[in-house]
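Summary of structural features
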Amino acid sequence: MNNKLKCMIAAGSVAAVLATGAVQAQEKAKSLDELLNFVKSGRTAEASENAKREAEFNQKKGEQAAMLEKSKKTRTAEEARSVTLEKTFEKNDVAVEAKKKQLKERLGSLSELFGHLTSSAGDLRSTIESSYTSAQFNDRDQFLEDLVDKMSGSDKLPSVEEIERLWFELQREATETGRVVKFTAPVSKLSGEQADEEVVRVGVFNVISSSGKYLTMNADFSLAELARQPSGNYVSMAADLAAASEGLHQFGVDPTGPSGGSFLSALIDSPTLVERWHQGGIVGYIITGVGVFAVLLAIWRFIVLASVGSKVNSQLKSDKANTNNPLGRVLAVQEENPRMDAETLELKLNEAVLKETPAIESSLTLLKIIAAVAPLLGLLGTVTGMIITFQAITIFGAGDPKAMAGGISSALVTTVLGLCVAIPTVLLHTLVSGRAKRIVHILDEQAAGIIARQNEVKG
């Protein structure tokens, strides 16, 4: 059955080839003889091509057999080499253990010494990573790292020169802790530029530039200007120290410098007075505006009342009424009505005093209102800030106490501003009110004296 099927498939293939050849031949042949010749030549070419393919296949089959035989021989050789290497490894392992034991026996008490040396080298390496002396002596880190790696191994020992240098570096670090020195080092500016500049190192606590700016040390022991300098006179003191060559000078030293300069960072991060004022927000600006207005108003009224008081004092020394001051206008009432009875004159004088009083006491009520309203505005800003802070806590949680404390601190700024406005305003109101009351008291006193003299004349 299978043979019959194969014969049918072969016959079909031959027929297909003949049909293809016949089709191609029909395109070119002009007669049946030509067509028959084309079919014969096609069969001859196919037979030649098949023979060529069989030859190539037999050649490649021989090559693959040779490669397979070569691979088997290689595998056998490598297996034998693996056995040899395993035996050599076991032998070397035994030898290494013997050498380690022999090294340990010969070291004896020196093992403890080398352990202390390794610990000292590691501690010194950790110290100089944050020490400002590394900006000046930046060749120690690699030496200490190589020494620790060498002493941590079991097959190498430190040389006498390396032990002596370790002792020298320990002594130099201790000595440089108490020295103030100048040296030249590359400094990165805030603009991104880097230039060699003379700097001053204050022990292991701080490094300042020649212009008096505080510097920080990067991981590669290079120096860079702080993005923000401390406020106050710290920069000016640093500039004086940088320009000095000898003597004693004041300087703001950060004792936590070797451990990261936390005090200096806290000082820099602390907001200035202007930044605190801006934290008050819109309410803070309103309180400030009200306070400035109150101060200007109080100063203006104080100047006006001082001028009026001077004119009133001059009027007290004069026998004739001058209408350029309140007292003169009150006295003018008596001069204009010399024959008026005492009761009517008293009413006229009281009327004149009452007429002058509003101008003298002008703006006192406004100052009193400002002194009372300023703390309330501060309380309003504080309550508003607390609401915003607690809303943020509700959304982001209270995982960061510093952020929460910062929000509460900003909210309390308006209360401080309100008190800073209210207290001076109360004092200014007291001064201006006292000056106004003194003038009004003089007017009342002179009016009462005129009435008394009028009654004496009639009596």
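One can find the structure itself at the top, above this paragraph.
Structural notes, computed from the coordinates. Being a predicted model, the structure only gives us computed values, none of them experimental.

Moving on: the environment of K182. In this structure, K182 sits in strand β1 (residues 180-188). Separated by 25 residues in the primary sequence, K182 and V207 place their C-alpha atoms 9.6 Å from one another. Apart from residues lying up to four places away in sequence, K182 is in contact with E198, V199, V200, A242, A243 and A244. Of note is the side chain of K182, whose polar atom sits 3.0 Å from the backbone oxygen of A242. Polar side-chain contacts of K182 include one of 3.0 Å to the backbone oxygen of A244.

A few words now on the sheet that holds strand β2 (residues 194-202). Taken in spatial order, the 5 strands close into a barrel running β1-β2-β3-β4-β5, and their pairing is mixed. Sheet twist, expressed as the average angle between the axes of neighbouring strands with direction ignored, equals 50°. The pairing of strand β4 (residues 214-217) with strand β5 (residues 223-225) spans 3 bridges and is classified as antiparallel. Each bridged residue has a counterpart across the sheet, and for L215 the counterpart in β5 is E225.

What follows covers the pattern of salt bridges. Under the criterion given, the structure shown has 13 salt bridges. Of the charged contacts, one joins R165 and E169 as a salt bridge, the two residues approaching to 3.5 Å between their closest N and O atoms. Remark: E169 and R165 occur in helix α5 (residues 160-176); sequence separation between them is 4 residues, near one turn of the helix. The buried category is assigned to E169, whose relative accessible area is 2%. In the salt-bridge network here, residues are joined through shared partners; they are D139, R165, E169 and R172.

In contact at an axis separation of 10 Å, helix α9 (residues 281-316) and helix α12 (residues 364-396) are set at 165° when each is read in the N-to-C sense. Here α9 is positioned roughly antiparallel relative to α12, judged by the angle of their axes. Both α9 and α12 take part in a crossing whose hand is left-handed. Across the interface between the two elements, V283, I286, I287, V290, F293, A294, L297 and A298 from α9 touch L366, L367, I370, A374, L377, G378 and G381 from α12. Split by residue class, the contact of α9 with α12 holds 13 nonpolar, 2 polar and no charged.

Turning our eyes to something else, we now look at the packing of helix α10 (residues 326-336) against helix α11 (residues 342-360). Contact geometry of α10 with α11 gives a least axis separation of 9 Å together with a crossing angle of 165°. One element, α10, and the other, α11, form an angle in the roughly antiparallel class. Note on packing geometry: the crossing formed by α10 with α11 is right-handed. In this structure, α10 contributes P326, R329, V330, V333 and Q334 to the contact, and α11 contributes L345, K348, L349, A352, V353, E356 and I360.

Looking now at a negative patch on the surface. Residues E86, E90, D93 and E97 make up a contiguous surface patch of negative charge. On the secondary structure map, D93 appears in helix α2 (residues 32-107). When its relative accessible area of 38% is taken as the criterion, D93 is described as partly exposed.

A few words now on the side chain of E197. Counting through the fold element by element, E197 comes out in strand β2. Classification of E197 as buried rests on a relative accessible area of 12%. In this structure, E197 is in contact with F183, T184, A185, V187, K189, S209, S210 and S211, ignoring residues within four places of it in sequence.

What follows is about the packing of aromatic side chains. Under the defined criterion, the tally for this structure stands at 2 aromatic pairs. Centroid distance Y214 to F251: 5.7 Å. Interplanar angle 20°. Geometry classified as stacked. Here the residue Y214 occupies a position in strand β4, and F251 occupies one in the loop between α6 (234-243) and α7 (262-269), the gap between them amounting to 37 residues. Each member of the pair, Y214 as well as F251, is classed as buried. When the ring centre of F143 is taken as reference, the NZ or CZ atom of R165 above it lies at 4.3 Å. Looking at R301, its charged tip hangs above the ring of W300, at a distance of 5.2 Å from the centre.

What counts and how
Residues numbered from 1 in each chain as written. Predicted model: local features only at pLDDT ≥ 70, side-chain atom pairs only at ≥ 80, totals over all residues. Heavy atoms only, no water. Helix = DSSP H or I, 4+ residues; strand = E, 2+ residues; numbered from the N terminus. Contact = heavy atoms within 4.5 Å. Polar contact = N/O pair within 3.5 Å; in protein donor to acceptor, adjacent residues only side chain to side chain. Pairing = 2+ DSSP bridges. Axes fitted to C-alpha atoms, helices over the stretch in contact; angles between N-to-C directions. Salt bridge = Lys/Arg side-chain N within 4 Å of Asp/Glu carboxyl O. Buried < 20%, exposed > 50% of the residue type's maximum accessible area, 1.4 Å probe, protein only. Parallel < 35°, antiparallel > 145°, perpendicular 65-115°, else oblique. Left-handed = near helix turned anticlockwise from the far one by under 90°. Nonpolar A, V, L, I, M, F, W, Y, C, P; charged D, E, K, R; others polar. Patch = residues over 30% accessible without salt bridge, like charges linked within 9 Å, V, L, I, M, F, W, Y side chains within 5 Å. Areas by Shrake-Rupley, 256 points an atom, 1.4 Å probe, with all protein chains shown as cover. Lys, Arg positive; Asp, Glu negative; His and termini not counted. Charge placed at Lys NZ, Arg CZ, Asp CG, Glu CD. Phe/Tyr/Trp six-rings, centres within 6.5 Å; stacked < 30°, edge-to-face > 60°. Lys NZ or Arg CZ within 6 Å of the ring centre and 35° of its normal.

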